[in-house]
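Residues per chain, in single letters:
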Amino acid sequence: MAVYTEVNDEDLAGFVAQYDIGGVLACKGIAEGVENTNYILRTEKGAYILTLYEKRVDRTDLPFFMELMEHLSKSGVTCPTPIHRRDGKVLGELAGRPAAIISFLEGVWIKRPSVEHCGAVGRALGAMHNATLSFPMSRPNSLSLAGWLALARQADGRADSVLQGLTATIADELAFHEQHWPRGLPTGVIHADLFPDNVFFLKGKLSGLIDFYFACSDILAYDVAVCLNAWCFEPDHAYNATKGRALLAGYRAVRPLSDAEMNAMPILARGSALRFMLTRLVDWLNVPPGAMVKPKDPLEYWKKLRFHQRVSSPAEYGFDL
Ligand SMILES: Nc1ncnc2c1ncn2[C@@H]1O[C@H](COP(=O)(O)OP(=O)(O)OP(=O)(O)O)[C@@H](O)[C@H]1O
Ligand SMILES: N[C@@H](CCO)C(=O)O
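Residues numbered from 1 in each chain as written. Chains lettered and ligands numbered in written order. Predicted model: local features only at pLDDT ≥ 70, side-chain atom pairs only at ≥ 80, totals over all residues. Heavy atoms only, no water.

## Notes on the overall build of the protein
Part 1: The secondary structure content of the protein amounts to 10 helices and 9 strands.
Part 2: In terms of overall dimensions, the protein is globule-like: its C-alpha atoms have a radius of gyration of 20 Å, near the 20 Å expected for 321 residues.
Part 3: Projected onto its principal axes, the C-alpha coordinates of the protein cover approximately 55 × 45 × 35 Å.
Part 4: Counting only residues that meet the buried cut, the protein has 54% of its 321 residues in that class. (Helix = DSSP H or I, 4+ residues; strand = E, 2+ residues; numbered from the N terminus. Rg over C-alpha atoms; globule rule 2.2 N^0.38 Å. Buried < 20%, exposed > 50% of the residue type's maximum accessible area, 1.4 Å probe, protein only.)

## Some points on the pattern of salt bridges
For side chains of opposite charge, pairing can occur when their charged atoms come near one another.
Part 1: Scanning the model with the defined rule gives 14 salt bridges in all.
Part 2: For the salt bridge of Asp283 with Arg56, the shortest nitrogen-to-oxygen distance reads 2.8 Å. Of this pair, Asp283 sits in helix H9 (residues 265-285) while Arg56 sits in the loop between strand S3 (46-52) and helix H2 (62-74), placing them 227 residues apart in sequence.
Part 3: Overall, Asp283 belongs to the buried group, its relative accessible area being 15%.
Part 4: On the basis of relative accessibility, which here comes to 22%, the residue Arg56 falls in the partly exposed class.
Part 5: As a salt-bridge pair, Arg85 and Asp87 come within 2.7 Å of each other at their nearest N and O atoms.
Part 6: Look at the salt bridges and you will find they share partners, linking Glu35, Lys55, Arg56 and Asp283 into a network. (Salt bridge = Lys/Arg side-chain N within 4 Å of Asp/Glu carboxyl O.)

## A word on the site of ligand 1
Part 1: Residues in close proximity to ligand 1 total 20 residues, the closest being Val34, Glu35, Ser103, Leu105 and Asp211.
Part 2: In the environment of ligand 1, an oxygen atom lies 3.0 Å from a nitrogen or oxygen atom belonging to the backbone of Asn36.
Part 3: Within the side chain of Asp193, a nitrogen or oxygen atom sits 3.5 Å from an oxygen atom of ligand 1.
Part 4: Notes on ligand 1: free accessible area 610 Å², of which the protein chains cover 94%. (Near = heavy atom within 4 Å. Polar contact = N/O pair within 3.5 Å; in protein donor to acceptor, adjacent residues only side chain to side chain. Areas by Shrake-Rupley, 256 points an atom, 1.4 Å probe, with all protein chains shown as cover.)

## Regarding the nonpolar core
Part 1: Formed by 88 residues in total, the largest nonpolar core has its most connected members in Phe212, Trp231, Leu247 and Leu268.
Part 2: Element by element, the count of residues in this core is highest for H9, at 12 residues.
Part 3: The residues touching Phe212, leaving out its near neighbours within four places in the chain, are Phe65, Leu68, Met69, Leu72, Cys79, Pro80, Met128 and His191. (Core = buried A, V, L, I, M, F, W, Y, C linked by side-chain atoms within 4.5 Å. Contact = heavy atoms within 4.5 Å.)

## Topic: the environment of Ser313
Part 1: Positionally, Ser313 belongs in the segment after helix H10 (298-309).
Part 2: The exposure class of Ser313 is partly exposed, given its relative accessible area of 24%.
Part 3: Measuring from C-alpha to C-alpha, the distance between Ser313 and Met262 comes to 8.7 Å, with 51 residues separating the pair along the chain.

## Thoughts on the environment of Cys227
Part 1: For Cys227, the location among the structural elements is in helix H6 (residues 220-231).
Part 2: Sequence separation between Cys227 and Pro196 is 31 residues, and the spatial gap between their C-alpha atoms is 8.7 Å.
Part 3: Setting aside residues no more than four positions away along its own chain, Cys227 makes contact with Leu125, Leu194, Cys232 and Leu247.

Below, the structure written as structure tokens:
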């Protein structure tokens, strides 16, 4: 459960009073997520999500995330939007953290995605990329190469306590990416964390995307690689080429991928596996005392990383150029 920051009733009532959403009826911590504190807030006017932004979110980035959600929603991508206060602002302060109230999106996330779900997420990702082309803001990816290096430092030689030899694996992997990370591929604003728990489905249809708090300007195909890792592996960590093909076909039906982007898929997937292994590792080693959170398993991503290390062409994922 991700509740790092508790909110008392008096502070909550004062915060909500700045909005035109009626009085608070209930406010409950949400039993999912690892990054921010989320509450489901019920007021006299309906249901909302109250988010308090935690350690990994730089408050100067918050306007980018808020504007992005508004832009995507106006462009036809179903996603939450920030609720405006009476003074027009969308960001405030609650319990010492930056905080916002965003609209509640109906739907549930899929714990065991099927081939059809993978196709749907590919299409939604392509549509999101197309919609961000007209988004005027940008934000460098703080979790690209330099960020990975910083995360490795935060693991502080303690990686071997999770798996013998992991410190050396990380060092080798960082050196590899320093040398081989692709340059010159098409870039744009990407989601960067489009995992199953950030995609909602309703009556079998994709009903929306959430959690734009890693969104940034980076290689578009990297976002596809993130999804490949998050959606196309089975619980026993085996890659499922049918799901991979469905994801790619869905994406390419909406936004074509060039040969250069396709050829870069193995390294992009490998880098993405490293990125999630590192954030998970750092979180695993640093659970804040008293926080209600279940850290995610870094070794799941170590296994994916090992798989991608052995892949040298997109054909090995079952993809055609
Ligand atoms: N706008 C929304 N509408 C409905 N439910 C939401 C919304 N935003 C968040 N949630 C719920 O809260 C949960 C956690 O939200 P979110 O994924 O944004 O948290 P996080 O801590 O940033 O998680 P992550 O670990 O995926 O980065 C979601 O799985 C979902 O159940
Ligand atoms: N989606 C991420 C958590 C948020 O960064 C993971 O599964 O590791």
